[in-house]
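Working through the structure, step by step
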Amino acid sequence: MTTEPGWVHDAIWWHVYPLGFVGAERESAPGRPVVHRLGHLAGWLDHAVELGASGVALGPVFASETHGYDTTDHLRVDPRLGDDADLDALVAACRERGLRVLLDGVFNHVGRGHPAFRAVLEQGPSAPTASWFRLRWPSGEWAPGVEPGYDDFEGHSALVALDHREPAVADHVVDVMCHWLDRGVDGWRLDAAYAVPASFWAGVADRVRERHPDAYLMGEVIHGDYARFVAEAHVDAVTQYELWKAVWSSLNDANFFELDAALTRHSGFLDSFVPYTFLGNHDVTRIASRLTDERHLAHALVVLLTTGGTPAVYAGDEHAFRGVKEDRAGGDDAVRPPFPATPGELSPLGLPTYGLHQELIGLRRRHRWLHAARTRTLHLANEQLVYEAVGEGQRLVVALSVGERPVEVPVEATGAVLAGAAEVAGGRVRLAPHGWAVLEG
């Protein structure tokens, strides 16, 4: 099993997309004065603590042209958010509350306005950074104004792909990561990690850990062999999209066989690493919108917080925010909204969901062994699933039902009901329609 930093054992992230959270302009503009907005986010840190989080996972905070993933300067805070002093103050405010800080590193590609690519446009093939990119120059002698062809990220011409075979690119990434780790952050989410050769990450990770052995490195990986990627890239974890999809899909389809299969694979991943688990993020439809029956929001949250993993709650999900991701320009806006000045200005309609988050995060904190717990299915039907979570000699039993009628499921659980509602007697657990319960083993 990979050796992640010890502090990650207790990590529960509150994930924020800063540019949206603070209501920043959609596009940056040259010469526009710095707007000190990160203090707005600092005003929500007590909310994260009260939720039960132990860290804040920040989306992009570096200078960019639009959405933050078209970086133009990895060593400068986006002027729409503030400046270095504002980020330092935010990190210090997190420290005062015992919150860790995770940054979002976009190292697969850069924006066209990045100085390394601007040099190419201005100087042509002789630019000192021409080797940073996978370029295709027209035949003949280069002249000013002639642009090369270049590889981009998944067809987005504004995102210029880096050439990860170039040692200077690795040097740059190591320098950037260590620069901000030196300033007090705790780790990195590696954006689009799946698009970068694992060997590149391995070299970078090894060099970073020479200086920061307690840094947490987590890669965004959607499909593929998660365990192999972790091993080859020398990262601590990857995003667990398989489990994310199985949770909402099985609940919507009343098909717990899908979730059972995903949990079996998930337990296999835990043999080699602890995945980064979530129900929502800045790239996907909100879980409250994804589910066809709002009563099943509790079921989804129970799975997140009773299975092995390093869980994250996307800001707003704890208040049952709605928002649908659409595949169009501006299609992310609904899942990246601005937040009010204080949590007290949120609608009270979300308070029951917030309370449920607090209850289940509290349960997880009292059973910290759940971080690497394995699950085993005890009862499986289309509309019911009962599994046990085990680790360090301890056990919890989770019972879920999405059926329209009360149901009794055969399971041995001799302890108390820790969350949810159930009647336990004679080796059977009785659940109400659309019921759920977490039981002492």
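The residue numbering used here restarts from 1 in each chain and proceeds along that chain's sequence as written. Under the rules for a predicted model, residues below a pLDDT of 70 receive no local features and side-chain atom pairs below 80 are neither given nor counted, while totals for whole chains, interfaces and linings still include all residues. Each side-chain value is derived from all of the structure's non-hydrogen atoms; neither hydrogens nor water enter the calculation.

1. What about the sheet that holds strand 10 (residues 156-161)?
Strand pairing follows a simple DSSP-based rule, namely that at least 2 bridges must link the two strands. Counting from the N terminus, the helices are DSSP H or I runs at least four residues long and the strands are E runs at least two residues long. Reading across from one edge, 6-10-9 is the order of the 3 strands in this open sheet, with antiparallel pairing throughout. Both outer strands of the open sheet, strand 6 (109-111) and strand 9 (152-153), are each paired with one neighbouring strand and no more. Where strand 6 lies against strand 10, 3 bridges are found, and the strand directions are antiparallel. Looking at the pairing, His109 lines up with Ala161 of strand 10.

2. Describing the sheet that holds strand 20 (residues 417-420)
The strand order across the open sheet built from 5 strands is 16-17-18-23-20, with neighbouring strands paired in antiparallel fashion. Here the strands that pair on one side only, and so sit at the sheet edges, are strand 16 (374-380) and strand 20. Going across the sheet, the axis of each strand differs from the next one's by a mean of 20°, ignoring polarity. The criterion used for residue contact is that any of the two residues' heavy atoms lie within 4.5 Å. An axis is simply a line fitted to the C-alpha atoms; with a helix, the fit covers only the stretch in contact. Between two such axes, the angle follows the N-to-C directions and lies from 0 to 180 degrees. Helix 10 (residues 256-269) rests against strand 16, strand 17 (384-391) and strand 18 (394-401) of the sheet, and its axis sits at about 155° to strand 16.

3. Focus on the side chain of Glu220
Structurally, the position occupied by Glu220 is in the loop between strand 12 (216-219) and helix 8 (226-233). A polar contact is formed between the side chain of Glu220 and the backbone nitrogen of Ala192, at a distance of 2.6 Å. A 3.5 Å cut-off defines polar contacts: any pair of N or O atoms within that distance qualifies, except that in protein one atom must be a possible hydrogen donor and the other a possible acceptor, and neighbouring residues in sequence count only when both atoms are side-chain atoms.

4. A word on the environment of Lys325
In this structure, Lys325 sits in the loop between strand 15 (310-314) and helix 13 (351-366). Burial here depends on accessible area, computed with a 1.4 Å probe over protein chains only, as a share of the maximum for the residue type. Under 20% is buried, over 50% is exposed, and the range in between is partly exposed. Among the residues examined, Lys325 registers a relative accessible area of 27% and is labelled partly exposed. Beyond its immediate chain neighbours, meaning those up to four positions away, Lys325 contacts Asp283, Val284, Thr285, Gly331, Asp332 and Val335. In terms of polar contacts, Lys325 uses its side chain to reach the side chain of Asp332, at 2.5 Å.

5. Observations concerning the nonpolar core
Grouped burial of nonpolar side chains is what soluble globular proteins tend to show. Counting 136 residues, the largest nonpolar core has Trp14, Phe133 and Trp188 as the members making the most contacts within it. Excluding anything up to four places from it in sequence, Phe133 contacts Val110, Ala116, Phe117, Val120, Val160, Ala161, Leu162 and Asp163. Judged by nonpolar contacts, the second largest core, of 11 residues, contains Val386, Val397, Val407 and Ala413. Only buried Ala, Val, Leu, Ile, Met, Phe, Trp, Tyr and Cys residues count toward a nonpolar core, and they belong to the same one when joined by side-chain atoms within 4.5 Å.

6. Some thoughts on the packing of helix 7 (residues 198-211) against helix 8
Running from N to C, helix 7 and helix 8 cross one another at 45°; their axes reach a closest spacing of 7 Å. In terms of their interaxial angle, helix 7 and helix 8 are classed as oblique. Facing Ala198, Trp201, Ala202 and Ala205 of helix 7, the residues of helix 8 in contact are Phe229, Glu232 and Ala233. Gly counts as polar in this scheme, as do all residues outside two lists: the nonpolar Ala, Val, Leu, Ile, Met, Phe, Trp, Tyr, Cys and Pro, and the charged Asp, Glu, Lys and Arg. For the contact of helix 7 with helix 8, the per-class residue count stands at 6 nonpolar, no polar and 1 charged. Each angle receives one of four descriptions, namely roughly parallel if under 35 degrees, roughly antiparallel if over 145, roughly perpendicular if within 65 to 115, and oblique otherwise.

7. Section: the pattern of salt bridges
What counts as a salt bridge is simple: a side-chain nitrogen of Lys or Arg found within 4 Å of a carboxyl oxygen of Asp or Glu. Evaluation of the coordinates by the stated rule reveals 37 salt bridges. Across the pair Asp317 and Arg286 runs a salt bridge, and its minimum N-O distance is 2.9 Å. With a gap of 31 residues between them, Asp317 in the loop between strand 15 and helix 13 and Arg286 in the loop between strand 14 (276-278) and helix 11 (287-290) connect regions that are remote in the sequence. A relative accessible area of 6% places Asp317 in the buried class.

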